[in-house]
There are 4 protein chains.
Amino acid sequence: MKKIAVLTSGGDAPGMNAAIRAVVRKANYHQVDVMGIYRGYEGFIEGKMELLDLGAVGGIIQRGGTMLFSSRCPEFKEDKYQQQGLEKMKQAGVEGLVVIGGDGSYRGALALSKKGFPCVGVPGTIDNDVPGTEYTIGFDTALNTVVESIDKIRDTATSHENSFIVEVMGRDAGDLALWAGLAAGAESILIPEEPYDLDDIIERMNRGVARGKKHSIIIVAEGVMSGGELAQILKEKAGVHTRVSVLGHIQRGGAPSARDRVLAGRLGARAVEVLLEGGSGRAVGIKNHEVFDYDLDEAFKMKHKAEISLYTLSKELSI
Amino acid sequence: MKKIAVLTSGGDAPGMNAAIRAVVRKANYHQVDVMGIYRGYEGFIEGKMELLDLGAVGGIIQRGGTMLFSSRCPEFKEDKYQQQGLEKMKQAGVEGLVVIGGDGSYRGALALSKKGFPCVGVPGTIDNDVPGTEYTIGFDTALNTVVESIDKIRDTATSHENSFIVEVMGRDAGDLALWAGLAAGAESILIPEEPYDLDDIIERMNRGVARGKKHSIIIVAEGVMSGGELAQILKEKAGVHTRVSVLGHIQRGGAPSARDRVLAGRLGARAVEVLLEGGSGRAVGIKNHEVFDYDLDEAFKMKHKAEISLYTLSKELSI
Amino acid sequence: MKKIAVLTSGGDAPGMNAAIRAVVRKANYHQVDVMGIYRGYEGFIEGKMELLDLGAVGGIIQRGGTMLFSSRCPEFKEDKYQQQGLEKMKQAGVEGLVVIGGDGSYRGALALSKKGFPCVGVPGTIDNDVPGTEYTIGFDTALNTVVESIDKIRDTATSHENSFIVEVMGRDAGDLALWAGLAAGAESILIPEEPYDLDDIIERMNRGVARGKKHSIIIVAEGVMSGGELAQILKEKAGVHTRVSVLGHIQRGGAPSARDRVLAGRLGARAVEVLLEGGSGRAVGIKNHEVFDYDLDEAFKMKHKAEISLYTLSKELSI
Amino acid sequence: MKKIAVLTSGGDAPGMNAAIRAVVRKANYHQVDVMGIYRGYEGFIEGKMELLDLGAVGGIIQRGGTMLFSSRCPEFKEDKYQQQGLEKMKQAGVEGLVVIGGDGSYRGALALSKKGFPCVGVPGTIDNDVPGTEYTIGFDTALNTVVESIDKIRDTATSHENSFIVEVMGRDAGDLALWAGLAAGAESILIPEEPYDLDDIIERMNRGVARGKKHSIIIVAEGVMSGGELAQILKEKAGVHTRVSVLGHIQRGGAPSARDRVLAGRLGARAVEVLLEGGSGRAVGIKNHEVFDYDLDEAFKMKHKAEISLYTLSKELSI
């Protein structure tokens with residue numbers, strides 16, 4: 001291969017830029033050029049791309065977001081648009097593609113691979129919900145952002161002896177809520193993977209009060225219900241007043257953490273290797289601290305599982 | 001005076017602890033003891049307080065919230081409860097009081113002063129809306145928290161080429177929205193002090209699009225309307241889709257900024273001086289970098305004004 | 001005027017980019033083009049510059065350093081090089097110049113102004129030592145960086161019950177040391193403006209020990225002596241063991257604080273106004289929260305003074 | 001067991017407080033009391049300790065340093081002092097001990113275990129150099145502190161087109177330098193585990209210059225040599241001028257990262273379980289994301305190894 005391309009797709013995540021940088025530098029190390037495709041699959045269809053040289057990826061390792069922009073592109077499911085994009089790549093001499101995004105973005109990569117165009121997926125999403133890899137790029141940063149936010153909310157909760165509900169991202173995966181709840185010492189954590197027990201939540205609040213501690217923090221992943229809904233339920237069922245904080249989009253941004261940058265460097269570089277070794281329809285991931293690669297097909301058959309031992313632990317530590 | 005007391009009241013603000021520390025240390029410097037009253041005026045009524053020695057205020061200068069807790073205490077308007085509290089102070093030998101809080105908290109201080117119990121107010125609130133002082137303790141920290149949050153949101157806005165509405169605190173005062181908007185380079189800022197012009201907001205969004213910049217940030221102070229309402233209006237009136245982020249309670253917490261700590265040190269120390277000089281019914285503030293004090297009465301006659309020149313400037317810079 | 005230029009000179013400071021952005025946007029608001037000169041006066045001599053449009057200054061408001069680069073250029077004192085640069089400006093149609101930097105950088109601006117080329121200085125330096133303005137762009141950010149660093153060092157000092165000397169920047173001006181020392185609750189502060197009293201420093205350390213507090217923090221501005229020298233003196237004179245931390249260049253970098261961005265916006269915009277109003281040989285500054293401008297000549301006659309009342313206060317609060 | 005104790009020993013690390021909290025809460029969950037011993041083995045010898053209830057460890061999860069203080073205690077090697085401490089424990093009814101610290105601290109724990117007093121070690125050190133566990137508590141926080149500091153230094157390096165040497169902690173282990181160098185995009189990294197190649201370092205600096213990039217960052221672990229020594233060598237051997245920044249003690253402090261808090265929670269809780277299950281002379285650690293425990297003896301036979309694949313990767317990415 002002489003020339004490959006890279007794009008970012010789906011929700012942006014801190015560390016995507018570090019991954020782009022790794023793809024470019026690793027490819028350049030092997031005398032392979034890299035084209036940066038703008039706006040994900042939308043740009044792929046239109047052939048909107050530019051050569052990324054070493055200078056183009058200078059000074060981006062610490063930047064949040066993605067310099068290549070991202071978008072959701074539902075029409076890319078259609079064969080017609082895939083063909084159109086492949087034609088553009090052919091014209092430009094692009095022989096392979098690295099797709100940085102969540103497992104939704106992997107579907108496009110798989111479709112292209114099946115058409116004979118080698119693609120490798122790199123897991124970039126704050127939700128940590130890509131099957132096959134233990135961590136995704138962006139999760140660690142988002143986790144720290146959530147924990148720092150809860151630390152701030154706790155200042156007010158403590159000072160006013162209030163109870164707060166903090167709603168964090170995570171539709172299907174509770175990783176962010178779970179890790180953040182444990183790290184921030186939350187009294188209760190609600191995640192999609194586990195049924196919640198309203199009596200237990202209320203008892204934990206009362207237990208604190210009984211020993212003189214009048215504030216508490218409840219973390220709820222948006223996939224369970226909204227913070228407002230939970231507040232409503234607690235009020236109706238137990239007459240308990242809580243305040244609600246929805247962390248929202250601040251969870252996606254910011255300079256990537258050290259770990260996310262290291263992960264991005266490792267996975268981005270490995271994706272290039274896989275392409276150069278002739279791999280296609282593959283995803284890269286990390287398992288037991290080792291970088292590895294596996295079939296994209298597999299990713300859709302597996303299901304990401306949150307580390308449930310942390311859930312049990314958080315219950316024991318928040319007595 | 002041999003013994004004074006200090007309490008925090010109303011919404012908590014970063015730097016309140018630094019102010020408590022300054023009160024204790026400055027008083028100790030003059031061989032005066034300081035009692036810390038818990039839960040604001042509620043604790044005043046009940047005489048819930050403890051001696052704060054140098055060790056008690058060690059290691060708190062950098063902590064958010066207030067170690068003395070805070071509360072809103074509507075019943076303190078009644079003469080009966082004021083008398084009850086004064087009785088408790090008398091019993092404990094407390095001869096004066098420093099009240100750290102917003103101008104709502106100043107009313108209680110004024111009432112007590114009129115009953116012959118010397119009180120001095122220290123402005124502590126993130127809203128920067130205490131008349132008479134140019135800055136309040138907590139404003140600078142909250143401002144930085146808001147700006148850092150918008151920086152994060154901008155990462156996503158840029159990557160996805162979206163427009164975001166960010167709702168910040170400020171019911172009557174637009175200072176936080178105004179300063180944050182200017183510091184974060186927001187395209188439009190809506191504050192209670194100025195009428196908003198929907199056409200101008202929409203034109204600014206379109207102007208960016210026309211020159212290839214597809215994202216924008218609109219800051220709205222909660223006193224104007226909620227972020228959700230603004231999004232609704234923009235959708236209905238202009239068919240523009242925006243995302244909404246409500247920053248909420250993270251704005252109150254966190255380690256105080258350097259400036260808030262310095263301000264807290266200066267104002268807390270001055271409050272003690274005013275008491276020791278025989279002042280009563282006074283507030284301390286900062287004007288042109290000089291610490292000064294003035295009648296609490298005046299505070300209620302004056303009205304805080306936001307620095308409107310910043311509003312004009314932000315319009316010119318966000319072309 | 002139809003076209004002006006902007007350069008940054010001397011040590012870089014957080015907020016310089018925000019000032020460049022303000023210069024460009026304010027000028028564009030008045031239909032005036034702005035050329036960005038690279039590497040300070042070095043680029044001025046060589047005519048190394050590019051047109052900065054609105055897009056060129058997009059996304060830089062939150063970046064540390066300076067996108068125009070900076071350098072020290074001793075040969076610019078020579079008439080020959082000044083003439084050479086003026087020739088380049090003439091060729092390019094540049095009619096005026098905004099110089100962002102410390103008072104060293106103002107000398108070049110003054111020389112050019114005296115040759116009939118209108119220049120306006122904008123104070124950008126972390127040292128806060130430009131005469132005439134109360135604050136310089138970069139000071140507030142550096143101050144927060146120093147205070148956050150001392151907070152971290154205090155964790156270790158407390159845990160190990162050690163005494164630390166923290167050396168901060170400031171050759172002639174003690175502002176950074178003074179404000180940081182007060183904000184971080186340092187036991188002693190050594191600044192160039194005040195003679196230090198070794199006995200007092202030692203007594204303060206011992207006083208803490210006497211009441212059970214075994215750690216302490218001493219801040220020394222580099223202009224007084226190095227941290228290592230102070231440690232040596234304390235060891236020899238009093239047998240006291242201290243650890244030394246030299247904060248170094250981390251003090252210059254980082255995203256600018258909200259206040260530095262607002263100041264940069266105000267001063268950068270005002271500099272453009274002064275040029276358009278026909279001003280030359282002027283500097284802009286802030287005094288009592290109002291932006292103003294004054295003769296560059298005056299800047300060299302005046303002397304910046306640190307707020308010495310903070311020094312007295314810090315002594316009273318660190319009993 | 002009805003009562004156990006916990007101490008922190010050696011250099012402090014962020015997350016030690018979170019580990020203490022986990023020990024107390026997990027033990028309380030099993031109806032076991034926890035005594036907090038002050039100043040490490042020094043306090044053990046003197047029996048200086050206090051009961052830690054749930055309230056005592058409230059609000060410490062986010063604090064740097066250690067609330068139990070730490071110290072180095074060379075005399076604890078002597079049997080006499082060990083016996084004295086054991087006597088104190090016996091008197092107080094303490095039946096087991098959790099030691100949080102580096103592998104130096106493990107020696108004391110092993111000695112006590114061999115005398116029949118059950119001890120379990122928890123790895124707490126920023127150096128990540130405890131054999132047997134993949135990560136130590138504090139490493140992730142220190143890593144982020146180092147990377148954020150380098151980000152700041154890079155602002156100045158870029159603006160002035162200078163080369164910087166950044167000296168980071170790590171006498172025998174290069175983990176901090178290695179991870180930070182990769183995460184910060186350093187041009188060269190010097191670690192104790194790998195011989196350094198002066199020609200390669202110089203060539204990398206020149207290579208950047210050749211393509212127009214005039215700044216570079218070199219990371220050196222203190223175990224290789226000091227930053228000043230390296231600067232001297234580069235000057236003498238290649239005539240290259242570099243600036244030096246020694247990060248120093250800021251690397252130890254600060255609020256623990258989310259990951260360090262989670263790790264502290266898991267390891268602290270597991271240590272209690274091991275004691276309650278009758279374990280003695282054991283250490284807890286993490287391997288492939290699973291918490292496990294192993295003989296302290298083994299820890300001294302094994303040697304911690306840095307992840308050298310990161311070293312190779314950093315060379316490829318910093319072309």
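Only a predicted model underlies this, so the values are computations on that prediction, with no experimental measurement involved.

1. Remarks on the overall build of chain A
Tallying secondary structure elements over chain A gives 11 helices and 11 strands in all. A compact globule built from 319 residues would reach a C-alpha radius of gyration of about 20 Å, and chain A, at 22 Å, matches this within 12%. Seen through its principal axes, chain A has C-alpha atoms that stretch 70 × 35 × 35 Å. A sequence separation of at least 24 residues applies to 74% of the contacts in chain A between residues at least 6 apart. Surface exposure of chain A reaches about 10900 Å², of which carbon and sulfur atoms provide 47%. A distance of 3 Å separates the average location of the 38 positive side-chain charges in chain A from that of its 43 negative side-chain charges.

2. Some remarks on helix H8 (residues 227-238) of chain B
Residues and elements named next belong to chain B. Here H8 contains 12 residues, and its C-alpha end-to-end distance of 16 Å stays within 8% of the 16 Å for a straight helix at 1.5 Å per residue. Taken residue by residue, H8 has Gly 227, Leu 230, Ala 231 and Leu 234 as its buried positions. Seen from one end, H8 has its buried residues packed into an arc of 100°, which puts them on one side. The exposed set on the far side of H8, more than 90 degrees from its buried face, consists of Glu 236 and Lys 237. Looking at the buried residues of H8, the elements they touch are strand S6 (163-168), strand S7 (188-190), helix H7 (198-210), strand S8 (216-221) and strand S9 (243-246). Positioned one or two residues after H8, Gly 239 has a phi angle of 65°, which is positive.

3. Quick word on the domain arrangement of chain A
Residue and element names in this part refer to chain A. Partitioning chain A into domains gives domain 1 (3-138 + 256-299) and domain 2 (139-253). Here the C-alpha centroids of domain 1 and domain 2 sit 34 Å apart. Summed over both sides, the interface between domain 1 and domain 2 buries roughly 1200 Å², with carbon and sulfur atoms accounting for 52% of that surface. Between the two partners, domain 1 and domain 2, sit 0 salt bridges. Remark: the boundary between domain 1 and domain 2 carries 10 residue pairs in polar contact (both at pLDDT 80 or more). Considering only residue class, the side of domain 1 that touches domain 2 consists of 6 nonpolar, 6 polar and 5 charged.

4. Let's talk about the pairing of strand S6 (residues 163-168) of chain C
All names here are of chain C. Counting buried positions along S6 gives 6 out of 6 residues, so the element sits mostly inside the fold. Neither face of S6 is left uncovered, since the one carrying Ser 163, Ile 165 and Glu 167 and the one carrying Phe 164, Val 166 and Val 168 both have all their residues buried. By the bridge criterion, 6 bridges tie S6 to strand S8 (residues 216-221) in an arrangement that is parallel. Bridging from a neighbouring strand, Val 166 pairs with Ile 219 of S8.

5. Quick word on the sheet that holds strand S8 (residues 216-221) of chain A
Residues and elements named next belong to chain A. Pairing in this open sheet of 4 strands is parallel, and the strands run S7-S8-S6-S9 from one edge to the other. Both edges of this open sheet fall to strand S7 (188-190) and strand S9 (243-246), since each of them pairs with a single strand only. When strand polarity is set aside, the average angle formed by the axes of neighbouring strands in this sheet is 20°. One ladder, built from 3 bridges, connects S7 with S8; its direction is parallel. What sits directly across from Ile 189, in S8, is Ile 219. In the packing of helix H6 (residues 175-184) onto the sheet, contacts are made with strand S6 (163-168), S7 and S8, and the angle to S7 comes to roughly 175°.

6. Observations concerning the interface of chain C and chain D
Accessible area lost upon the coming together of the parts is a frequently used measure of interface size. If you look at the interface, chain C gives 31 residues, while chain D gives 30 residues. Counting each side, the surface lost to burial between chain C and chain D is near 2400 Å², with a carbon and sulfur contribution of 49%. It is Lys152(C), Ser159(C) and His249(C) that lose the most area in chain C upon contact with chain D, and together they represent 25% of the buried surface on that side. For the pair chain C and chain D, the number of links is 2 salt bridges. A salt bridge links Glu161(D) to Arg39(C); its shortest N-O distance comes to 2.5 Å. Seen at the junction of chain C and chain D, the total is 14 residue pairs in polar contact (both at pLDDT 80 or more). The set of elements that each furnish at least two residues to the side of chain C that touches chain D consists of helix H5 (139-160) and strand S9 (243-246) of chain C. Per-element tally for the side of chain C that touches chain D: the top contributor is H5(C), with 9 residues.

7. Some words on the sheet that holds S8(B)
All names here are of chain B. Taken together, the 4 strands give an open sheet; going across it, the order is S7-S8-S6-S9, and neighbouring strands pair in parallel fashion. Each edge of the open sheet carries a strand with a single partner, namely S7 and S9. Across the sheet, the mean angle separating the axes of adjacent strands is 20° when strand polarity is ignored. Across 4 bridges, the pairing between S6 and S9 is parallel. Residue pairing in the sheet places Ile 165 in a bridge with Val 244 of S9. The strands touched by helix H5 (residues 139-160) within the sheet are S6, S8 and S9, with S6 carrying the most contacts at an inclination of about 165°.

8. Some points on the UniProt feature "binding site: Mg(2+)" (unreviewed entry) in chain A
All names here are of chain A. As recorded in UniProt, the sites labelled "binding site: Mg(2+)" (unreviewed entry) are Asp 103. Structurally, Asp 103 is set in helix H4 (residues 103-114). With a relative accessible area of 26%, Asp 103 lands in the partly exposed category.

9. Re the state of the cysteines
Residues and elements named next belong to chain B. Per the stated rule, a full pass over the model turns up 0 disulfides over all chains. Looking at Cys 119, it has no disulfide partner, and the nearest cysteine sulfur is the one in Cys 73, 14 Å off. According to the relative accessible area criterion, Cys 119 is buried, its value standing at 0%.

10. Overview of the relation of the copies chain C and chain D
Each of the two copies of the chain can be brought onto the other by a rotation about an axis and a shift along it. In screw terms, the move from chain C to chain D is a rotation of 180° and a rise of 0.0 Å along the axis, fitting with an RMSD of 0.0 Å. As the rotation angle and translation indicate, the two copies are arranged about a two-fold axis. An overlap of 97% is found between the interface residues of chain C and their copies at the interface of chain D, pointing to a shared contact surface.

11. Observations regarding the interface of chain D and chain A
Every contact between the two is made by 41 residues of chain D and, on the other side, 41 residues of chain A. In this assembly, chain D packs against chain A so that about 4100 Å² is buried in total across both faces, 57% of it on carbon and sulfur atoms. When the buried area of chain D at its contact with chain A is split by residue, Arg259(D), His289(D) and Leu317(D) rank highest and sum to 18% of it. Our count for the contact surface shared by chain D and chain A stands at 6 salt bridges. Here Arg259(D) makes a salt bridge to Asp140(A), at a shortest N to O gap of 2.7 Å. Where chain D touches chain A, the interface holds 14 residue pairs in polar contact (both at pLDDT 80 or more). For the side of chain D that touches chain A, the secondary structure elements donating two or more residues are helix H1 (16-29), helix H5 (139-160), helix H6 (175-184), helix H9 (258-276) and helix H11 (308-317) of chain D. Classifying every residue of the side of chain D that touches chain A gives 19 nonpolar, 10 polar and 12 charged.

12. Re the side chain of Arg252(B)
Its location among the elements puts Arg252(B) in the loop between S9 and helix H9 (258-276). Despite its burial, Arg252(B) pairs with no opposite charge, the nearest such side chain being Asp12(B) at 4.3 Å.

13. Quick look at helix H5 (residues 139-160) of chain A
Residues and elements named next belong to chain A. If you check H5, its first and last C-alpha atoms are 31 Å apart, about what 22 residues at 1.5 Å a residue would give, namely 32 Å. Among the 22 residues in H5, 19 count as buried, and that is most of the element. Residue Glu 161 follows H5 closely and has a positive phi angle near 55°.

14. So, the side chain of Ser113(D)
Residue and element names in this part refer to chain D. Considering the arrangement of structural elements, one finds Ser 113 in helix H4 (residues 103-114). A relative accessible area of 12% means that Ser 113 is categorised as buried. At a separation of 3.4 Å, a polar atom in the side chain of Ser 113 contacts the main-chain amide nitrogen of Cys 119. Contact partners of Ser 113, with chain neighbours within four places excluded, come to Pro 118, Cys 119, Ser 280 and Gly 281.

What counts and what doesn't
- Residues numbered from 1 in each chain as written.
- Chains lettered and ligands numbered in written order.
- Predicted model: local features only at pLDDT ≥ 70, side-chain atom pairs only at ≥ 80, totals over all residues.
- Heavy atoms only, no water.
- Helix = DSSP H or I, 4+ residues; strand = E, 2+ residues; numbered from the N terminus.
- Rg over C-alpha atoms; globule rule 2.2 N^0.38 Å.
- Contact = heavy atoms within 4.5 Å.
- Areas by Shrake-Rupley, 256 points an atom, 1.4 Å probe, with all protein chains shown as cover.
- Lys, Arg positive; Asp, Glu negative; His and termini not counted.
- Charge placed at Lys NZ, Arg CZ, Asp CG, Glu CD.
- Expected span 1.5 Å × (residues − 1).
- Buried < 20%, exposed > 50% of the residue type's maximum accessible area, 1.4 Å probe, protein only.
- Arc of directions from axis to C-beta.
- Domains from an automatic or database assignment.
- Buried area = accessible area lost by both parts, 1.4 Å probe.
- Salt bridge = Lys/Arg side-chain N within 4 Å of Asp/Glu carboxyl O.
- Polar contact = N/O pair within 3.5 Å; in protein donor to acceptor, adjacent residues only side chain to side chain.
- Nonpolar A, V, L, I, M, F, W, Y, C, P; charged D, E, K, R; others polar.
- Pairing = 2+ DSSP bridges.
- Axes fitted to C-alpha atoms, helices over the stretch in contact; angles between N-to-C directions.
- UniProt positions renumbered as here; feature names shortened; annotations may be inferred.
- Disulfide = S-S within 2.5 Å.
- Least-squares fit on C-alpha atoms with pLDDT ≥ 70 in both.

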